[in-house]
Amino acid sequence: MTLLNMENPVFVVYVIAAAIMVLKIMLQGWMTVFRMLKSNSGLVSPEDLQKGLINKDPRPEQLEVNDYVDRSRRMHRNDLENIPGFLTAGLLFVVVDPALWLAQVLMYGFVAVRGSHFIAYATRQSHEIRATFYTIGSLIVIYMAAHVLWQALQ
Amino acid sequence: MTLLNMENPVFVVYVIAAAIMVLKIMLQGWMTVFRMLKSNSGLVSPEDLQKGLINKDPRPEQLEVNDYVDRSRRMHRNDLENIPGFLTAGLLFVVVDPALWLAQVLMYGFVAVRGSHFIAYATRQSHEIRATFYTIGSLIVIYMAAHVLWQALQ
Amino acid sequence: MTLLNMENPVFVVYVIAAAIMVLKIMLQGWMTVFRMLKSNSGLVSPEDLQKGLINKDPRPEQLEVNDYVDRSRRMHRNDLENIPGFLTAGLLFVVVDPALWLAQVLMYGFVAVRGSHFIAYATRQSHEIRATFYTIGSLIVIYMAAHVLWQALQ
């Protein structure tokens, strides 16, 4: 018997949460592109100073770090530090067959706090607010991984 | 019934594409190692300035950023921003049972554009060329995740 | 027939190794938080210089790079370059139905060398020692991905 199919409601919860988090990662890349184009700065490769469609008026200072663009890259890095762990821990969590309500609370909860973390970071909220959302998301992944490990070692 | 087995031709397409992309990520690490050793620079930790097999003639400027080595690290970061999203979205895509031709176009297409992105970045092609391959790859992952989400919410 | 269930001993090996590696990634984030709070430095966002619970005595130099904190971030980046590849390659490896002993050697071996890499990096061991553990871990993932690709292409 396998639990990894769409007839298992817990797996459907995972599929929904995981698809949203993949979209989150990919769209963060587009936020960086948007901010790079809008501010006409925050480039990272020397060859990007060539004149072209993307860069009509090249200037050397376009390679300097710019908080407006770098903020989106930091948000992306924070995603990469948290979301791939969720994607794997969530899949393993389905396999140990948890209660549906628990999967819903943890997985939709993760989606909600990462969305809140995004808003807090983008709008430059205080470190305390950002840290709160980070903490809840991180604890959810840690709980799922520990629960899975416990079950697998029985 | 599960779709995650080697009798499902769509899953085999995913397994081939995913295995190639994992190799791509891992080999990018070796490109950084090769460039670090070849240029004898681009180190990142203070203790790497100790004399040893890897570093026979330590100099403080080996810790400075060097585009030759840093380019490979940027390529790696770009991989990490795109490939884990593909690995998860692709697995979920198999689970919603798409047409084989569609899976082939999207997954082998992703492998092809990431290979092209690698060549464009390594050979310092213009921002426009690199951005084109990035865009196609990103849209493939976004399409797969959105398709999965749509199916799961039915 | 699926191999992705807890009755398959090879899958159980993967679940244990993968859960431990997810915990490793997440706890690396907490090591950064701990070092940031302990040294009261290594912040990355301008708004973190606001006075608050986390930062009781803000100073502009808190935004400068600090090796104590940055070391944990570099360890995290090294994890992100290696562990997501393992998580996917390991899952695919289960699907091609390898011998149990081989899965145990490769997967528990990966966990052991990444643990060793963590200790070597945290305690500032020489580049050679760190590189040895990195190399073994990377070769394990490369072997698993190549083995999977070979089987899938038969």
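Conventions adopted
- Residue positions are given per chain, counting from 1 as you read along its sequence in written order.
- Starting at A for chains and at 1 for ligands, labels are handed out in the order in which the entities are written.
- Local features in a predicted model are, by the rule used here, given only for residues with pLDDT of at least 70; side-chain atom pairs are given and counted only at 80 or more, and totals for whole chains, interfaces and linings are based on all residues.
- As a rule here, side-chain values come from all non-hydrogen atoms in the structure, and water together with hydrogens is ignored.
- The contact criterion used throughout is that any non-hydrogen atoms of two residues lie within 4.5 Å.
- By convention, the term buried area covers the 1.4 Å-probe accessible surface removed from two parts as they join, with the contributions of both added.
- Criterion for a salt bridge: a side-chain nitrogen of Lys or Arg within 4 Å of a carboxyl oxygen of Asp or Glu.
- Under the rule applied, a polar contact is a pair of N or O atoms within 3.5 Å (in protein, one hydrogen donor and one hydrogen acceptor; residues adjacent in sequence only if both atoms are side-chain atoms).
- Strands here are runs of E lasting at least two residues and helices are runs of H or I lasting at least four, both read from the DSSP assignment and numbered beginning at the N terminus.
- Gly falls in the polar group here, along with every residue not listed as nonpolar (Ala, Val, Leu, Ile, Met, Phe, Trp, Tyr, Cys, Pro) or charged (Asp, Glu, Lys, Arg).

Peer 1: Before we go on, may I ask you to explain the interface of chain B and chain A in this structure?
Peer 2: Facing 36 residues of chain B, the contacting portion of chain A comprises 38 residues. For the pair chain B and chain A, the summed buried area comes to about 2,900 Å², and 70% of that belongs to carbon and sulfur atoms. It is B:Glu81, B:His127 and B:Glu128 that lose the most area in chain B upon contact with chain A, and together they represent 19% of the buried surface on that side. Between the two partners, chain B and chain A, sit 3 salt bridges. A:Glu47 is the partner of B:Arg71 in a salt bridge, and the nearest nitrogen-oxygen pair spans 2.7 Å. Run the count over chain B and chain A and you get 7 residue pairs in polar contact (both at pLDDT 80 or more). Broken down by secondary-structure element, the contributors of at least two residues to the side of chain B that touches chain A are helix 2 (67–95) and helix 4 (127–152) of chain B. Top contributing element to the side of chain B that touches chain A by residue count: helix 4 of chain B, with 14 residues. Class assignment for the residues of the side of chain B that touches chain A results in 19 nonpolar, 9 polar and 8 charged.

Peer 1: I keep staring at the interface of chain C and chain A and nothing clicks. Help me out?
Peer 2: Interfaces are often described in size by the accessible area the parts lose on coming together. At the junction of the two partners, chain C supplies 38 residues and chain A supplies 36 residues. The junction of chain C with chain A conceals about 2,900 Å² of combined surface from both sides, 71% of it contributed by carbon and sulfur atoms. Our enumeration of links across chain C and chain A arrives at 3 salt bridges. Summed over the shared surface of chain C and chain A, the number is 7 residue pairs in polar contact (both at pLDDT 80 or more). Breaking the side of chain C that touches chain A down by element, the ones donating at least two residues are helix 1 (9–39) and helix 2 (67–95) of chain C. Its residues assigned to classes, the side of chain C that touches chain A comprises 26 nonpolar, 8 polar and 4 charged.

Fair warning: the whole summary comes from geometry, so function is off the table for now.
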